[in-house]
Each structure stands twice: as structure tokens, then as C-alpha cells.
Amino acid sequence: MLDAGFFHRWMTVAAAAVNREADHLTELDSAIGDADHGANMQRGFAAVTEVLDREAPHTPGAVLTLAGRQLISTVGGASGPLYGTLLRRTGKALGDEPEVSPQQLAEALGLGVAAVAQLGGAQAGDKTMLDALLPAAEALATSFDAARKAADAGALATVPMRARKGRASYLGERSIGHQDPGATSSALLIGALAEAGDANGGEA
Ligand code: ADP
Ligand code: MG
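In short, a report on the structure. No experiment lies behind these values; they were computed from the predicted model shown.

1. A short note on the overall build of the protein chain
So, step 1. The helix and strand inventory of the protein chain stands at 8 helices and 2 strands.
So, step 2. Reading the secondary structure of the protein chain in the N-to-C direction produces β-α-α-α-α-β-α-α-α-α.
So, step 3. Computed over C-alpha atoms, the radius of gyration of the protein chain comes to 15 Å, within 12% of the 17 Å expected from 2.2 N^0.38 for 204 residues, which places it in the range of a compact globule.
So, step 4. With the C-alpha coordinates of the protein chain rotated into their principal frame, the extents come out at 50 × 35 × 30 Å.
So, step 5. Here the protein chain holds 204 residues, and 52% of them are scored as buried.
So, step 6. In the protein chain, the share of contacts with a sequence separation of at least 24, taken over all contacts with a separation of at least 6, comes to 68%.
So, step 7. In the structure as shown, the protein chain presents an accessible area of about 8,600 Å², 52% of it carried by carbon and sulfur atoms.
So, step 8. Each charge sign in the protein chain was given a centre, from 16 positive and 24 negative side chains, and these centres are 7 Å apart.

In C-alpha cells:
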């Protein structure tokens, strides 16, 4: 079972991954966006770990809803509200139980990803974070490791896509041949989940 400590650890590991990969995310965003994705994610996740360390919410749902609220209030640009919605909706779906099963998390994450699709109006194949998140949420029903692999493959699959949403869509054909920054950061987020899962005994 996964408790508040597990979800707190997920966010801490995600913040570290975002710090490590910030330059790479910015590089990807400079090719098909405005070169702020690394900084956006760093600022957002630093604020998330700060508020979680300070408030230490007691349930999985409360950890994710607080993290999501914090992302929305600290990250400008498209990705803040989208990632904020992902975590908030997922947290809301987990309710106020002190522990949840990996299966409950998989279902909740599916609802979170659906909320991202609704907010941004994007779908699979539009070259956005959804191309990593949709397959990851589905694979999470199998295992943390399957989710990590699906997210990585989903991010890589954005390279030949033409962007149909967000800033990259302004480039039209010229967005082809570059990996989407948001799909890449989503793969980091899911990788962090798998890493937290490994520390938890790898169960899913
Ligand atoms: P901005 O585009 O405002 O500079 P970021 O650079 O932080 O914001 O984030 C860009 C990422 O946001 C993109 O790579 C893409 O994955 C994601 N994104 C943008 N628009 C949408 C959308 N409508 N739906 C889903 N994801 C989106
Ligand atoms: Mg940007």
C-alpha cells in the first residue's frame, strides 16, 4: 500500500530529476518553444517540495492536491496549469484514505490525465505531454516499471509528430524531428514514480 510518505517521496524524487534535467528540457523547448520549460519545471517542483516539507499532508490525496495547487500558483505558461490539474485531479480521485493501492493510483492517474486532455483540448498524437502520460497511466495498471517504460517510449514517439497544440504548433511542419519538452518532463515524473515504487519494494 502507498501512504502519504510515498507520495511525498515521489514529488521529492521528481524535483531532483527536474533539477538534473533542467538544461535538457530547456534545450528541447528552445527548439520548438520559448526555452523556458526547464526553468518552469524547476521553479514549480522546488515550490512543491518546499510546501510539502512545511505542511506534511497526512494522506496521499492531500499530498497530490497540495502539490497540484502549488504548481498552478507558481508556474506560468501552459505546463503549470496542466501539471497542476494532473496532480490535483489525481489527488482528488484518491480521496482521503490514509493508504491507497497501486491499482487505485492507476485509476486515479487515468482521471488526472483525462482532466489534462480536457483542459488543454489535446489528444494522443498531438505532440504534447499526453503522449507520455496516456500510455503511462494505462501501463501503471500492470506495474510501476511498465509505466516508466511506456512514458519513455511515449516521449520518444513525439519526435516524428507534428505539434497540434501549444506553442510548438505555431511551427507547423518545422516541429517535426524534435522531442516534445512536456512529454519529456512527463517521462521524468513517471520515472520518479517508478523510483519511489522501487524504494517501496517495487510492488504494483
Ligand atoms: P509554454 O508553452 O507556455 O512556454 P512550457 O514550455 O512550460 O509552457 O510547456 C510546454 C509543454 O506544454 C509542451 O511541450 C507540451 O507538452 C505541453 N502543452 C502545451 N500545450 C498543451 C496542451 N494544450 N495540452 C497538453 N499539453 C500541452
Ligand atoms: Mg515554453
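Past the structure itself, the notes keep going.
2. Description of the coordination of the magnesium ion (ligand 2)
So, step 1. Surrounding the magnesium ion (ligand 2) are the protein donor atoms Asp29 (OD), Asp34 (OD) and Asp36 (OD), which sit 2.0 to 2.3 Å from the metal.
So, step 2. All donors of the magnesium ion (ligand 2) belong to a single chain; written as a sequence motif, their spacing is D-x4-D-x1-D.
So, step 3. Owing to a relative accessible area of 32%, Asp34 belongs among the partly exposed residues under this scheme.

3. Details of the layout of surface pockets
So, step 1. In this structure, the largest pocket spans a volume of roughly 500 Å³.
So, step 2. Lining the largest pocket are 26 residues, and of these Ala78, Ser79, Leu82, Gly166 and Arg167 sit closest to its centre.
So, step 3. Where the lining of the largest pocket is concerned, the elements lending two or more residues are α1 (4–32), α2 (37–55), α4 (79–94), α5 (102–120) and α8 (181–199).
So, step 4. Looking at the lining of the largest pocket, its residues break down into 10 nonpolar, 9 polar and 7 charged.

4. Looking at the side chain of Lys127
So, step 1. Inspection of the secondary structure assignment puts Lys127 in the loop between α5 and α6 (130–139).
So, step 2. Of the side chains bearing the opposite charge, Asp180 lies closest to the buried Lys127, which forms no salt bridge; the N-O distance is 6.6 Å.
So, step 3. Reaching out from Lys127, the side chain makes a polar contact with the backbone oxygen of His178 at a distance of 2.6 Å.

5. A few points about the site of ligand 1
So, step 1. As a structural note, the neighbourhood of ligand 1 is formed by 20 residues, with His37, Asn40, Ala78, Ser79 and Asp180 the closest of them.
So, step 2. Within the contact set of ligand 1, an oxygen atom lies 2.9 Å away from a side-chain nitrogen or oxygen of His37.
So, step 3. At a separation of 2.6 Å, an oxygen atom of ligand 1 approaches a polar side-chain atom of Ser79.
So, step 4. Look at ligand 1: alone it shows 560 Å² of surface, and the protein chains cover 92% of it.
So, step 5. Elements with a minimum of two residues in the shell around ligand 1: α2, α4 and α8.
So, step 6. If one sorts the elements of the shell around ligand 1 by residue count, α8 sits on top with 3 residues.

6. So, the nonpolar core
So, step 1. If you look at the biggest cluster of nonpolar residues, it comprises 56 residues, and the most contacted ones within it are Phe7, Trp10, Met11 and Phe45.
So, step 2. Mapped by element, the contributors of at least two residues to this core are α1, α2, α3 (60–74), α4, α5, α6, α7 (144–156) and α8.
So, step 3. With 11 residues, the top contributor of residues to this core is α1.
So, step 4. Not counting chain neighbours up to four residues away, the residues in contact with Phe7 comprise Leu2, Pro60, Val63, Leu64, Leu94, Val100 and Leu105.

Cut-offs used in this document
Residues numbered from 1 in each chain as written. Chains lettered and ligands numbered in written order. Predicted model: local features only at pLDDT ≥ 70, side-chain atom pairs only at ≥ 80, totals over all residues. Heavy atoms only, no water. Helix = DSSP H or I, 4+ residues; strand = E, 2+ residues; numbered from the N terminus. Rg over C-alpha atoms; globule rule 2.2 N^0.38 Å. Buried < 20%, exposed > 50% of the residue type's maximum accessible area, 1.4 Å probe, protein only. Contact = heavy atoms within 4.5 Å. Areas by Shrake-Rupley, 256 points an atom, 1.4 Å probe, with all protein chains shown as cover. Lys, Arg positive; Asp, Glu negative; His and termini not counted. Charge placed at Lys NZ, Arg CZ, Asp CG, Glu CD. Donors = N, O, S within 2.8 Å, 3.2 Å for Na, K, Ca; no water. 1 Å grid on protein atoms, 1.4 Å probe; cavity = no way out; pocket = protein on both sides within 12 Å on 5 of 7 lines; lining within 4 Å. Points joined across faces, edges and corners; volume = space filled by probe spheres on them. Nonpolar A, V, L, I, M, F, W, Y, C, P; charged D, E, K, R; others polar. Salt bridge = Lys/Arg side-chain N within 4 Å of Asp/Glu carboxyl O. Polar contact = N/O pair within 3.5 Å; in protein donor to acceptor, adjacent residues only side chain to side chain. Near = heavy atom within 4 Å. Core = buried A, V, L, I, M, F, W, Y, C linked by side-chain atoms within 4.5 Å.

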